Amino acid sequence: MREDYEIPTSGEITKVYWAHAVQDESFCDVLTQILNNAKTDLQYETDSPYSHENGREMYQLYVGYDHCPVATENLGYMGTINGVWCITTSIEETEDGQYLISCYQIPSQYIFQLTKKSA
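Remember, it's a predicted structure, so these values are computed and weren't measured experimentally.

Student: Hey, could you run me through the overall build of the chain in this one?
Tutor: Along the backbone of the chain there are 2 helices and 7 strands. The order of α-helices and β-strands along the chain, N terminus first, is β-β-α-β-β-β-β-β-α. Computed over C-alpha atoms, the radius of gyration of the chain comes to 15 Å, within 12% of the 14 Å expected from 2.2 N^0.38 for 119 residues, which places it in the range of a compact globule. In terms of overall dimensions, the chain has C-alpha extents of about 45 × 35 × 25 Å along its principal axes. Within the chain, contacts between residues separated by at least 24 positions form 60% of all contacts whose residues are at least 6 apart in sequence. For the chain, the exposed surface amounts to about 7000 Å²; the carbon and sulfur share of it is 45%. One finds the centroid of the 6 positive side-chain charges in the chain at a distance of 9 Å from the centroid of its 18 negative side-chain charges.

Student: Teacher, can you tell me more about the pairing of strand E7 (residues 99-105) here?
Tutor: Sheet faces and side chains relate simply in a regular strand, where the side chains alternate between the two faces. Judged from the 5 bridges that link them, strand E3 (residues 42-46) and E7 form a sheet pairing that is antiparallel. Looking across to E7, one finds that tyrosine 44 is bridged to isoleucine 101. Across 7 bridges, the pairing between strand E6 (residues 84-93) and E7 is antiparallel. Bridge pairing in E7 links serine 90 to serine 102. The antiparallel pairing of E6 with E7 creates a hairpin that spans 5 residues between the two strands, and glycine 97 there sits at a positive phi of about 85°.

Student: I would appreciate a short explanation of the nonpolar core in the present structure.
Tutor: In summary, soluble globular proteins display a tendency toward joint burial of nonpolar side chains. Judged by nonpolar contacts, the single largest core of 20 residues is most densely connected at Val16, Met78, Ile106 and Leu114. Contributions of two or more residues to this core are made by strand E1 (13-18), helix H1 (25-37), strand E4 (56-65), E6 and helix H2 (111-115). Element by element, the count of residues in this core is highest for H1, at 5 residues. Excluding anything up to four places from it in sequence, leucine 114 contacts Trp18, Phe27, Val30, Ile34, Met78, Trp85 and Ile106. Judged by nonpolar contacts, the second largest core, of 7 residues, contains Tyr44, Met58, Ile101 and Cys103.

Student: Can you walk me through a negative patch on the surface in this structure?
Tutor: Taken together, the side chains of Glu12, Glu25, Asp29 and Asp66 define an acidic patch exposed on the protein surface. Structurally, the position occupied by aspartate 66 is in the loop between E4 and strand E5 (73-81).

Procedures and definitions
The residue numbers shown here count from 1 along each chain, following its written sequence. Per-residue local features of the predicted model are confined to residues with pLDDT of at least 70, and side-chain atom pairs are confined, for both listing and counting, to 80 or more; whole-chain, interface and lining totals are unaffected and use all residues. The basis for the side-chain values is all heavy atoms of the structure; hydrogens and waters are excluded. By the criteria applied, helices consist of DSSP H or I runs no shorter than four residues and strands consist of E runs no shorter than two, each listed in order from the N terminus. The globule rule is 2.2 Å times the number of residues to the power 0.38, and the radius of gyration it is compared with is taken over C-alpha atoms. Contacts are residue-level and defined by heavy atoms, with any inter-residue pair within 4.5 Å sufficient. The Shrake-Rupley method, run with a 1.4 Å probe, gives the accessible areas here. Residue values count only the displayed protein chains as cover. Charge assignment in this entry is limited to Lys and Arg as positive and Asp and Glu as negative, and neither His nor the chain termini are counted. Where a charge sits is defined by one atom per residue type, namely NZ (Lys), CZ (Arg), CG (Asp) or CD (Glu). Between any two strands, pairing holds if DSSP finds at least two bridges. Remark: nonpolar core denotes a set of buried residues (Ala, Val, Leu, Ile, Met, Phe, Trp, Tyr, Cys) joined through side-chain atoms within 4.5 Å. Buried residues are those whose accessible area, probed at 1.4 Å on protein chains only, stays under 20% of the maximum for their type, while exposed residues exceed 50% and partly exposed ones sit between those limits. Patch criteria: residues need more than 30% relative accessible area and no salt bridge. Like-charged residues are merged within 9 Å; nonpolar side chains of Val, Leu, Ile, Met, Phe, Trp and Tyr are merged within 5 Å. Salt bridges, as used here, are contacts in which a Lys or Arg side-chain nitrogen is within 4 Å of a carboxyl oxygen on Asp or Glu.

So this is what it looks like as structure tokens:
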């Protein structure tokens, strides 16, 4: 990497890693639209926020901005909870060792694009 290169931490999303590298540019556009509208509308508590159990199929979501060649910014998790598509808006550890997971339920108009993600 060039010494004078700074990894962008905001801007246009141009790279996505979500369980694998996503090469589809329209996926970046859809993800941007989802993030622009994301407001917490679902919360749950769990002792294992990163596991695939109890109806959760959530995967870590990383993005890169402005044509950075790698996705470096961790935005949380995206996937399904009991069949409902969600993206996390926050994950907080509670005093009793549990985790409070806040999510945005992704509108149905975006689901097709999310399910056709390509490598």
